[in-house]
Amino acid sequence: MDQILDFIKKHKLIKAGQVIGVGVSGGVDSMTLLHFLHENRQVLDIEVVAIHINHGIREESDDEARFVLQKCREMGVRVYKFTIDSPKIAKDKRLSIETAAREGRYGVFDALIRKDIVDRIALAHHQSDQAETILMHIFRGCGVSGARGMEPIRDGYYIRPMLNVSKEDILDYASLHNIDYVEDSSNSDISYTRNYLRHVVMKDILEKWPNAIQAINNFASAVSEDDEYIKTLIETNSLSIDDKTVHMPCSYFYGSSAIYSRIVFQALALIGVKKDIERKHIEMIKNLATNLENGKKIRLPYDIVVSKEYDYLTFENNYVEKPQLSRALKCEEFEAPNFGKVVVKRVKSDAINDENALYFDYRKVPKTARWRYREEGDVFEKFGGGTKKIKSIFIDKKIPVRLRDYIPVLADENEIYVIAGVGISEKVRVDADVPTCLKIIVEK
């Protein structure tokens, strides 16, 4: 494990005086990294703190959190504990549970960095993780950048001090220093992509080629060196940048793919996209530049639009993250980003006279109903009767697809009672004998 100190020095992962937050799950990898950095804190002249995140996925997560807190107390390490609702993030953003957990986790890390609570985040990725990551990238159709695998330092804040350490070395260190750890039961669930690769694919590979992990890591190092050299040959001064738009000359695509593919990645990075772009997307962009006529466009992940404008390609980042909304029903005004201001007022029922407003009987709305955005399975009872899915309502009303995720709905579970600016359910119709009702206006 002494190679960790050399690795930190070689890649300038840590500066003297910094506060290093270690992502600690309670597993052997993260507990070993925490122990190593804590034991070498004086050598590195750093303060080490632990960061534990309960992802809200497994029943034993609370026990693991208590375990981490106890071990940190025994070591004398300050610990920051957080809980995120990964299933809710996955549902709201329509992500896999793996992706949602990662997004929530990095959201916590980013916040700690922004608030200057820590200077850098240390992650416990090691050689086996690196090999698995490279294979996943290759299977998904990556280019050279994906074959490089994980970098020792990312975005200037995330460091991986154990990236050149084997799993065997980690286990030996944990045994030597009597490091307690917990086993994550979900690690054996092969329905998760990485677990399938680890327990099925890599298992078979290692039986045939026992040195495969080291070989894959050596390959990544060679690819990284070659990639860095090729990048020194690339001239990107012709890329012009304007807000969330980058312009790239089509003439680049008549040269070597080794050059234009890297320029495309550079163009995308300039508008904030650094992942999920595969070889097939590069070929689509090349075809647009060399074969299609002016005015044609293609869409890439993260709502990136690439358009051909005469002798240039224009890369536009149109991605807007769907905001979160959860509000109880009351008389108020609130902003709905990309939609407008929603104004809710109590009025007398005999004052129903505004064609641009919606009126409904708030007494008929369950007390547990909340304003939120649409979800899978939502239904709505039309005026006059008849239940339809909210998607069908939006289609009937000719509401553009780009707006549908931003329209607030008042709902209890999957029952929609009000669609702001669109309509109200038969179930909350204002009867003639009620003195007051609620009025909703949307100010665009």
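As shown above, the structure is provided for reference.
Just so we're clear, the structure is a prediction, and the values are computed from it rather than from any experiment.

Things to note about the overall build of the chain
- What the chain contains, in helices and strands, is 15 helices and 22 strands.
- Across its three principal axes, the chain shows a C-alpha extent of roughly 80 × 60 × 45 Å.
- Expressed as a percentage of contacts within the chain between residues at least 6 apart in sequence, the contacts between residues at least 24 apart total 69%.
- Of the accessible surface of the chain, which amounts to about 23,700 Å², a share of 49% is contributed by carbon and sulfur atoms.
- Between the mean site of the 66 positive side-chain charges and the mean site of the 68 negative ones, the chain shows a separation of 5 Å.

Focus: the packing of aromatic side chains
- Counted according to the given criterion, the structure contains six aromatic pairs.
- Relative to phenylalanine 109, the ring of tyrosine 106 lies with its centre 5.6 Å away and its plane at 85°, an arrangement referred to as edge-to-face. On the criterion of helical spacing, the pair formed by tyrosine 106 and phenylalanine 109 is a turn pair, its members being three residues apart in helix 6 (residues 97-114). Across the pair, exposure class does not vary: tyrosine 106 and phenylalanine 109 are buried alike.
- The ring of tyrosine 106 carries arginine 102 above its face, with NZ or CZ at 4.4 Å from the centroid.

What about unusual backbone geometry?
- A positive phi angle, close to 60°, is found at aspartate 155, a residue other than glycine.
- Tracing the sequence through the fold places aspartate 155 in the loop between strand 5 (153-154) and strand 6 (158-159).
- Taking the relative accessible area as the measure of exposure, aspartate 155 reaches 45% and is therefore partly exposed.
- You will see that lysine 398, though not glycine, has its phi angle at about 55°, which is positive.
- Tracing the backbone shows lysine 398 in the loop between helix 14 (390-396) and helix 15 (401-404).
- Owing to a relative accessible area of 72%, lysine 398 belongs among the exposed residues under this scheme.

Some points on the side chain of serine 86
- If you trace the backbone, serine 86 turns up in helix 5 (residues 86-93).
- Look at serine 86 and you get buried, because its relative accessible area is 0%.
- A polar contact of 2.8 Å, which involves the side chain of serine 86, links it to the backbone oxygen of histidine 55.
- The contacts of serine 86, once residues within four sequence positions are left out, are His55, Ile57, Ile97, Ala100 and Ala101.

What to know about the sheet that holds strand 15 (residues 358-360)
- Strand order in this open sheet of four strands is 13-14-22-15, and the pairing throughout is antiparallel. What marks the edges here is a single partner per strand, and that holds for strand 13 (332-336) and strand 15. For this sheet, the mean inter-axis angle between neighbouring strands, taken without regard to orientation, is 25°.
- Alignment of strand 14 (residues 340-348) against strand 22 (residues 436-443), held across eight bridges, turns out to be antiparallel. Looking at strand 22, one finds that lysine 348 is bridged to threonine 436.

Quick look at a nonpolar patch on the surface
- Together, Ile138, Phe139 and Phe219 give the surface a local cluster of nonpolar side chains, amounting to about 310 Å² of exposed area.
- Structurally, the position occupied by isoleucine 138 is in helix 7 (residues 127-139).

Observations concerning the pattern of salt bridges
- Enumeration according to the criterion identifies 29 salt bridges in this entry.
- Notably, a salt bridge pairs lysine 71 with aspartate 180, separated by 2.7 Å at the nearest N-O pair. One end of the pair, lysine 71, is in helix 4 (residues 61-75); the other, aspartate 180, is in the loop between helix 9 (167-176) and helix 10 (193-208), and 109 residues separate them in sequence.
- Judged by relative accessible area, which is 15%, lysine 71 ranks as buried.
- Note that aspartate 405 and arginine 374 form a salt bridge whose closest N and O atoms lie 2.9 Å from each other. One end of the pair, aspartate 405, is in the loop between helix 15 and strand 19 (409-412); the other, arginine 374, is in the loop between strand 16 (370-372) and strand 17 (379-381), with 31 residues separating them in the sequence.
- In this structure arginine 374 comes out as buried when scored by relative accessible area, which is 13%.

Some details on helix 10
- Compared with the 22 Å implied by 1.5 Å per residue over 16 residues, the 22 Å span of helix 10 between its first and last C-alpha is a close match.
- When the local axis directions of helix 10 are compared, the greatest deviation, roughly 40°, occurs at methionine 202.
- The set of residues buried in helix 10 consists of Asn195, Leu197 and Met202.
- Contacts made by the buried residues of helix 10 are with helix 7 and helix 11 (212-232).

Topic: the environment of asparagine 40
- Tracing the chain through its elements places asparagine 40 in the loop between helix 2 (28-39) and helix 3 (41-44).
- Note on asparagine 40: relative accessible area 14%, which makes it buried.

Some remarks on the environment of lysine 388
- Relative to the assigned elements, lysine 388 resides in strand 18 (residues 387-389).
- Here lysine 388 falls in the partly exposed class, since its relative accessible area comes to 23%.
- Measuring from C-alpha to C-alpha, the distance between lysine 388 and aspartate 378 comes to 8.7 Å, with 10 residues separating the pair along the chain.
- Excluding anything up to four places from it in sequence, lysine 388 contacts Asp378, Val379, Phe380, Lys382, Ile393 and Asp396.
- Within the local environment of lysine 388, its side chain forms a polar contact with the side chain of aspartate 396, the two groups lying 2.4 Å apart.

Things to note about the sheet that holds strand 2 (residues 47-54)
- On the basis of which strands lie adjacent, the open sheet formed by six strands has the order 3-2-1-4-6-5 and mixed pairing. Edge positions in the open sheet fall to strand 3 (78-83) and strand 5, since each of these has one partner strand only.
- Packing against the sheet, helix 2 makes contact with strand 1 (19-23), strand 2 and strand 4 (120-122), and its axis sits at approximately 160° to strand 1.
- Packed onto the sheet, helix 6 meets strand 1, strand 2, strand 3, strand 4, strand 5 and strand 6 and runs at close to 145° relative to strand 2.

Rules used in this analysis
Residues numbered from 1 in each chain as written. Predicted model: local features only at pLDDT ≥ 70, side-chain atom pairs only at ≥ 80, totals over all residues. Heavy atoms only, no water. Helix = DSSP H or I, 4+ residues; strand = E, 2+ residues; numbered from the N terminus. Contact = heavy atoms within 4.5 Å. Areas by Shrake-Rupley, 256 points an atom, 1.4 Å probe, with all protein chains shown as cover. Lys, Arg positive; Asp, Glu negative; His and termini not counted. Charge placed at Lys NZ, Arg CZ, Asp CG, Glu CD. Phe/Tyr/Trp six-rings, centres within 6.5 Å; stacked < 30°, edge-to-face > 60°. Buried < 20%, exposed > 50% of the residue type's maximum accessible area, 1.4 Å probe, protein only. Lys NZ or Arg CZ within 6 Å of the ring centre and 35° of its normal. Polar contact = N/O pair within 3.5 Å; in protein donor to acceptor, adjacent residues only side chain to side chain. Pairing = 2+ DSSP bridges. Axes fitted to C-alpha atoms, helices over the stretch in contact; angles between N-to-C directions. Patch = residues over 30% accessible without salt bridge, like charges linked within 9 Å, V, L, I, M, F, W, Y side chains within 5 Å. Salt bridge = Lys/Arg side-chain N within 4 Å of Asp/Glu carboxyl O. Expected span 1.5 Å × (residues − 1). Bend = angle between axes of the 7 residues up to and from the residue.

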